[in-house]
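Each chain is listed here by its residues.
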Amino acid sequence: MKQTKLVFIFPENTVEEPITYNLITNYGVQVNILRASIDPGKQGRMVVELGGEEIQISQALNYLESLGVLVAPLAQKIRHLEDRCTGCTACVPHCPTRALDVDRDSWKVSFDSEKCIVCFSCLETCIYHAMSVEEQFA
Amino acid sequence: MAKTIEEINAKIRSGKVVVFTAEEIVEVVREQGIKQAVREVDVVTTGTFSPMCSSGAFLNIKQQKQKMKLGGGFATLNGVPAYAGLAAADIYIGATAIPDGDPRNGNGRPGKFRYGGAHVIEELVAGNRVLLKGGAYGTDCYPAKTREQTIGLKDMNDAFLFNPRNCYQNYNVAVNLSDKPIYTYMGKLKPKLGNAYYCSAGQLSPLLNDPHFRTIGIGTRVFFCGAEGYVAWPGTQHNPSAPRLENGTPKTPAGTIALIGDMRQMSAQWLRAVSFTGYGVTLSVAVGVPIPIIDEDILRSVSVTDDQLKAPVVDYSEYYPFGQGEAKLGEVTYQELKSGSIRVKDQEVPTGSFSSYALARKVAHHLKQLIEDGDFLLTQFQAPLPGAVTGKEAA
């Protein structure tokens, strides 16, 4: 089973459709609504986690696109909270792209967000809660 | 020419004391030589900032008008259980305690351990209040049966950290020989030697700078999370008989100290609650121990550098938890560990640490400053730690 976090952007005229109901009953996908702002008559946005087999998810996305719903991957950004960082270096061996690195003279850990591939390894590794994830509700 | 603690304290009081950190002293000795430097230098400061699980706080909570006996009952602070098997108003909250509702490692997933005893301790030291819930059976002298109240350090008669085991003299380097990732108190270890974790400040670490406990003993005053703390006792599992290198430093985890200090003097800058994924909650504490340069032997000890300190590489998938499999994966120096990679079984293994060298350095410099400013006097210990070599036989 695959799980993916997506942002649905609804044009003004589709919001009346029971989209979530249709996704579940017609396409058999799991829909976990993480965030939603939907006002009838206005553009709506919903952040969801879709779960299901690859084929079910792709069919569900086809259905959404046929309604004119824009589907985008959820943009996520990792932040390094320098005031919480002790420079211990626990994150360094787990970072696959060396976005997190340490200067071995000053023992200061630096974070290069350009190199970050948002793999979340550092979130699991940092014991000081110095790494955080920001979800961009684009 | 031996120097006494009294002579050093007199120099601290008169503002003439000469202090270096355990890092700086290396260059001083290289330039001046031992014989000159021993006359020049009075104190060398060490430091460490690292998770130390055997930590916790004794709290004595002020009674309300109608008194209550927590002893024999129960108490939680922000939902975290505290030990209530003492007198009416004394409780002990351990760093690793976790609330009942925490899923721990349930559902086959490594737990996040977001909040526990260490977090309660950090909040109290930071000046925040926590919710005390207490339950008791009620007696003629202590009639109250329940208590629910937010309390801070001001609502306590006493609050002191009493850590039964801190400042391990050296520690294992953890690796994983198995083919799946494991979550340990030494962090997440990737399969097949994917990474290695160490946890010591090496050349700045307090007990590695006085390997035979010649100046550190029961009653030694130390910098402890911002407070003036004391070595209260040998730490639990204190083992002076560990195998040693020629320079006297142990090759495996060896000595430990139990520390005590007033939480009211502490600062949240020097004490941090931490969460190890899949393992639990614990507390990182800052400790700095001043080492009086009483003779040439102790000066040689504090001049030790990372390339002269070795730690054992240990498999945490089989050998550590089950006592089976490959016992000896070799020894590496702290210089190698701090370079970012070591070689184990002919494989390049990237390293990381949980002990913060940046903060260890900060502790050592801070303690140096306190001593230079006349704000921290040294003490002669009242009794040696087991295994201490205090006489001439140290050479």
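From a predicted model like this one, the values you see are computed outputs, not experimental measurements.

Asks: Before we move on, could you go through the overall build of chain B and cite the residues and values that matter?
Replies: Within chain B one finds seven helices and 24 strands. For 395 residues, the compact-globule estimate of 2.2 N^0.38 gives 21 Å, and the C-alpha radius of gyration of chain B, at 22 Å, lies within 12% of that figure. A principal-axis box enclosing the C-alpha atoms of chain B has dimensions of 70 × 60 × 30 Å. Going through the 395 residues of chain B one by one, you find that 50% of them count as buried.

Asks: Describe the interface of chain A and chain B, and please don't skip the residues or the numbers.
Replies: Counting from both sides, the interface comprises 16 residues of chain A and, opposite them, 22 residues of chain B. Considered class by class, the residues forming the side of chain A that touches chain B number seven nonpolar, six polar and three charged.

Asks: For the sheet that holds strand E5 (residues 74-77) of chain B, give the residues involved together with the corresponding values.
Replies: Residues and elements named next belong to chain B. In spatial order, the strands read E6-E5-E8-E9; together these four strands make up an open sheet with antiparallel pairing. The open sheet has two edge strands, strand E6 (80-82) and strand E9 (146-151), and neither has a second partner. Sheet twist, expressed as the average angle between the axes of neighbouring strands with direction ignored, equals 25°. Relative to E9, strand E8 (residues 130-135) is paired through six bridges, and the arrangement is antiparallel. Directly across from Gly134, in E9, lies its bridge partner Arg147.

Asks: Let's hear about the domain arrangement of chain A: which residues, and what values?
Replies: Domains assigned within chain A are domain 1 (2-73) and domain 2 (76-136). Look at where the C-alpha atoms of domain 1 of chain A and domain 2 of chain A centre, and you get two points 32 Å apart.

Asks: Help me get a handle on the sheet that holds strand E4 (residues 70-73) of chain A, residues and values and all.
Replies: Residues and elements named next belong to chain A. If you trace the four strands from one edge of the open sheet to the other, you get E2-E3-E1-E4, paired in antiparallel fashion. The sheet is open, and its two borders are formed by strand E2 (30-37) and E4, each paired with just one other strand. Ignoring strand direction, the axes of neighbouring strands in this sheet form an average angle of 30°. Bridge analysis of strand E1 (residues 2-10) against strand E3 (residues 44-52) gives nine bridges, and the strand direction is antiparallel. In the sheet register, Leu6 faces E3, and the bridge partner there is Val48.

Asks: Tell me what's going on with the domain arrangement of chain B, and back it up with residues and numbers.
Replies: Residue and element names in this part refer to chain B. By domain assignment, chain B separates into domain 1 (5-52 + 167-375) and domain 2 (56-161). The distance between the C-alpha centroids of domain 1 and domain 2 comes to 31 Å. Counting from both sides, the interface comprises 22 residues of domain 1 and, opposite them, 23 residues of domain 2. Where the side of domain 1 that touches domain 2 is concerned, the elements lending two or more residues are strand E17 (257-262), strand E18 (271-276) and strand E19 (280-288). Among the elements that make up the side of domain 1 that touches domain 2, the one with the highest residue count is E18 (six residues).

Asks: An account of the nonpolar core is requested, with residue identities and associated values reported.
Replies: Counting 135 residues, the largest nonpolar core has Ile93, Ile121 and Val173 of chain B as its most contacted members. The leading source of residues in this core is helix H7 (residues 357-372) of chain B, at seven residues. Not counting residues up to four positions away in its chain, the partners in contact with Ile93 of chain B are Gly56, Ala57, Leu59, Leu77, Val80, Ala82, Gly117, Val120 and Ile121 of chain B. Counting 13 residues, the second-largest nonpolar core is a separate cluster that includes Val7, Ile19, Leu23 and Ala60 of chain A.

Asks: Please give an account of the confidence of the model for chain B that cites residues and values.
Replies: In this model, chain B carries an average pLDDT of 96, and 98% of its residues clear a pLDDT of 70 or more. For this predicted complex, the interface score ipTM comes out at 0.93, while the overall pTM is 0.89.

Asks: Requested: an account of the environment of Glu54 of chain A, with residues and values cited.
Replies: Residue and element names in this part refer to chain A. With respect to the helices and strands, the residue Glu54 is situated in helix H2 (residues 54-66). Under the C-beta neighbour-count criterion, Glu54 is labelled exposed, with 10 such atoms within 10 Å. Separated by 66 residues in sequence, Glu54 and Phe120 have C-alpha atoms that sit 23 Å apart.

Asks: Could you give an account of unusual backbone geometry, naming the residues involved and the relevant values?
Replies: Residue and element names in this part refer to chain B. Backbone geometry at Leu193 places phi at a positive 60°, although glycine is not the residue there. Here Cys225, not a glycine, exhibits a phi torsion of approximately 55°, which is positive. Relative to the helices and strands, Cys225 is located in the loop between strand E15 (221-224) and strand E16 (227-234). The class for Cys225 is buried, based on 30 C-beta atoms found within 10 Å.

Asks: Can you break down the pairing of E19 of chain B residue by residue, with the values?
Replies: Residues and elements named next belong to chain B. Counting buried positions along E19 yields nine of nine residues, so the element is predominantly enclosed. Looking at chain direction, strand E3 (residues 48-51) and E19 are connected through four bridges and run antiparallel. Bridge pairing in E19 links Pro51 to Ser284. As judged from the two bridges shared by E15 and E19, these two strands associate in the antiparallel manner. Paired with Phe223 across the strands is Gly288, a residue of E19. Sheet topology note: the E18/E19 ladder contains six bridges and is antiparallel. Looking at the pairing, Ala273 lines up with Leu283 of E19. Adjacent in sequence and paired antiparallel, E18 and E19 are bridged by three residues, among which Gly278 carries a positive phi angle near 75°.

Cut-offs applied
- Residues numbered from 1 in each chain as written.
- Chains lettered and ligands numbered in written order.
- Predicted model: local features only at pLDDT ≥ 70, side-chain atom pairs only at ≥ 80, totals over all residues.
- Helix = DSSP H or I, 4+ residues; strand = E, 2+ residues; numbered from the N terminus.
- Rg over C-alpha atoms; globule rule 2.2 N^0.38 Å.
- Buried ≥ 20, exposed ≤ 12 C-beta atoms within 10 Å, placed from the backbone.
- Contact = placed C-beta atoms within 7 Å.
- Nonpolar A, V, L, I, M, F, W, Y, C, P; charged D, E, K, R; others polar.
- Pairing = 2+ DSSP bridges.
- Axes fitted to C-alpha atoms, helices over the stretch in contact; angles between N-to-C directions.
- Domains from an automatic or database assignment.
- Core = buried A, V, L, I, M, F, W, Y, C linked by C-beta atoms within 7 Å.
- pLDDT = per-residue confidence, 0-100.

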